[in-house]
Amino acid sequence: MLHPLKRIMVTGGAGFLGSHLCERLLEEGHDVLCVDNFFTGSKMNIEHLLDHPHFEFMRHDVTFPLYVEVDEIYNLACPASPVHYQFDPVQTTKTSVHGAINMLGLAKRVQAKVFQASTSEVYGDPQIHPQPESYWGHVNPTGIRSCYDEGKRCAETLFFDYHRQHGVKIKVGRIFNTYGPRMHPNDGRVVSNFIVQALRGAPITLYGDGSQTRSFCYVDDLIEGFVRLMATDDHIPGPRNVGDPGEFTL
Ligand SMILES: NC(=O)c1ccc[n+]([C@@H]2O[C@H](COP(=O)([O-])OP(=O)(O)OC[C@H]3O[C@@H](n4cnc5c(N)ncnc54)[C@H](O)[C@@H]3O)[C@@H](O)[C@H]2O)c1
């Protein structure tokens, strides 16, 4: 058996994107530590990986510190859809902010490279379409989506300050809408809504007049983007938009 190339931790590894990332990293021969508290993730998502000799699962909440020896960290832990992140908004902000502090503190201590799963939501309710990384956004700190949007913005701030102040190697990827196997059927987002309604033979719901735009990226392509961003030179911290550049009306 090949010796594992790197020890890589994936927080939120039992979620939709995290489980695909764990699979991809195992395929490349790495040693993968999947950390998750199963808030929105599930054991079913990683069941097929549990017997893999290079896969380890740890049930842990990233709002608490964690000390493990790893070479790279992908920080994905955070509920991602409005229905989930608005369920306990205080915990959502804590997960983004305390989670970022804990992962950056760990990265600093063990000199690991750390990737942050940020989001297109850092642009808020954007006035520019499509949004380039140089756009600072049009945001609201007090609304019901702010626990997610502002939590992710603060996490980005922490990533860049750990980078500037402590020399931590960071990669910030701003993820746009992604779809694929193991996405949550009840996350209230358009792809899952359409598929679930179609499977039930129910009418398809369009919000408004359907003229609002979305971009859709297949999960394998997104994960390819994560791995490629992580592999860029250390002087490229991001932020980088990761997703499909095309926007479509519904
Ligand atoms: N799916 C998308 O289209 C999309 C878009 C933009 C950003 N993102 C970001 O990508 C990441 C993964 O999203 P996803 O779609 O896979 O969502 P998901 O809900 O399937 O996965 C998130 C995972 O994080 C875990 N988690 C939540 N809070 C935790 C905590 N405090 N400690 C440990 N684990 C915790 C959940 O149990 C879950 O397994 C999130 O950070 C999300 O903000 C996703």
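So, here's what we can say about the structure. The residue count restarts for each chain, going from 1 along the sequence in the order it is written. Per-residue local features are limited, in this predicted model, to residues with pLDDT of at least 70; the limit for side-chain atom pairs, both in listing and counting, is 80 or more; totals at the level of whole chains, interfaces and linings are taken over all residues. Only hydrogens and water are set aside when side-chain values are computed; all heavy atoms of the structure are taken into account.

Within the chain, the secondary structure is distributed over seven helices and 11 strands. For 250 residues, the compact-globule estimate of 2.2 N^0.38 gives 18 Å, and the chain sits close to it at 18 Å. In terms of principal-axis extent, the alpha carbons of the chain reach across some 55 × 40 × 30 Å. By residue count, 48% of the 250 residues in the chain fall in the buried class. Taking the contacts inside the chain whose residues are at least 6 apart along the sequence as the reference set, 76% of them involve residues at least 24 apart. Shrake-Rupley sampling with a 1.4 Å probe provides the accessible areas, and residues are treated as covered by the protein chains on show and by no other component. With an accessible surface of roughly 12700 Å², the chain has 54% of that area assigned to carbon and sulfur atoms. Between the averaged position of the 22 positive side-chain charges in the chain and that of its 29 negative side-chain charges there is a distance of 4 Å. Helix numbers and strand numbers start at the N terminus; a helix is a DSSP run of H or I with at least 4 residues, a strand a run of E with at least 2. Based on C-alpha atoms, the radius of gyration is set beside the globule rule, defined as 2.2 Å times the residue count to the power 0.38. With a 1.4 Å probe rolled over the protein chains alone, any residue whose accessible area is under 20% of its type maximum counts as buried; one over 50% counts as exposed, and the rest are partly exposed. The contact rule is simple, with two residues in contact once any of their heavy atoms fall within 4.5 Å. Here Asp and Glu are counted as negative and Lys and Arg as positive; His is not counted, and neither are the chain ends. Charge positions are represented by NZ for Lys, CZ for Arg, CG for Asp and CD for Glu.

So, about helix α7 (residues 219-230). Two residues of an α-helix separated by three or four positions point the same way, owing to the 3.6 residues in each turn. With 12 residues, α7 should reach 16 Å at 1.5 Å per residue; the first-to-last C-alpha distance of 17 Å fits that figure. Buried within α7 we find V219, L222, I223, F226, V227, L229 and M230. Projected onto a plane normal to the axis of α7, the buried residues spread over an arc of 165° and lie on a single side. Exposed positions of α7 whose direction lies more than 90 degrees from the buried face are D221 and R228. To estimate the expected span of a helix, count its residues, drop one, and scale the result by 1.5 Å. Taking the helix axis as origin, the arc is that swept by the directions to the C-beta atoms.

Quick look at empty space enclosed by the protein now. Of the grid points, spaced at 1 Å and generated over the protein atoms alone, those admitting a 1.4 Å probe that cannot get out make up cavities, while open sets with protein on both sides within 12 Å along at least five of seven lines make up pockets; any residue with an atom within 4 Å of a point is treated as lining. Grid points are joined across faces, edges and corners, and a volume is the space filled by probe spheres set on the points. Evaluated as defined, the whole model comprises two cavities of 30 Å³ or more. What the largest cavity holds in volume is close to 60 Å³. Residue lining of the largest cavity: N177, T178, M183, D187, R189, V190, V191, S192 and F216, and that is the complete set. No other element matches the three residues that helix α6 (residues 190-200) contributes to the lining of the largest cavity. In terms of residue class, the lining of the largest cavity is made up of four nonpolar, three polar and two charged. Taken as a whole, the second largest cavity spans an internal volume of roughly 30 Å³. Lining the second largest cavity, in full, are N75, A77, C78, T95, S96, Q116 and K152. Side-chain classes follow a simple rule in which Ala, Val, Leu, Ile, Met, Phe, Trp, Tyr, Cys and Pro form the nonpolar group, Asp, Glu, Lys and Arg form the charged group, and the remainder, Gly included, forms the polar group. A class-by-class count of the residues in the lining of the second largest cavity yields two nonpolar, four polar and one charged.

The rule for a residue being near a molecule or strand is that one of its heavy atoms must lie within 4 Å of it. Surrounding the ligand, one finds 32 residues, the nearest of these being L17, D36, T40, Y148 and K152. Interatomic distance of 3.1 Å between a backbone N/O atom of G15 and an oxygen atom of the ligand. At 2.6 Å, a side-chain N or O of Y148 approaches an oxygen atom of the ligand. Burial of the ligand by the surrounding chains reaches 98%, relative to a free accessible area of 810 Å². Broken down by element, the shell around the ligand gets its largest block of residues, three residues, from strand β5 (residues 113-119). In terms of residue class, the shell around the ligand is built from 15 nonpolar, 13 polar and four charged. Polar contacts, as used here, are pairs of N or O atoms within 3.5 Å; protein pairs need one atom able to donate a hydrogen and one able to accept it. Residues neighboring in sequence count only if both atoms are side-chain atoms.

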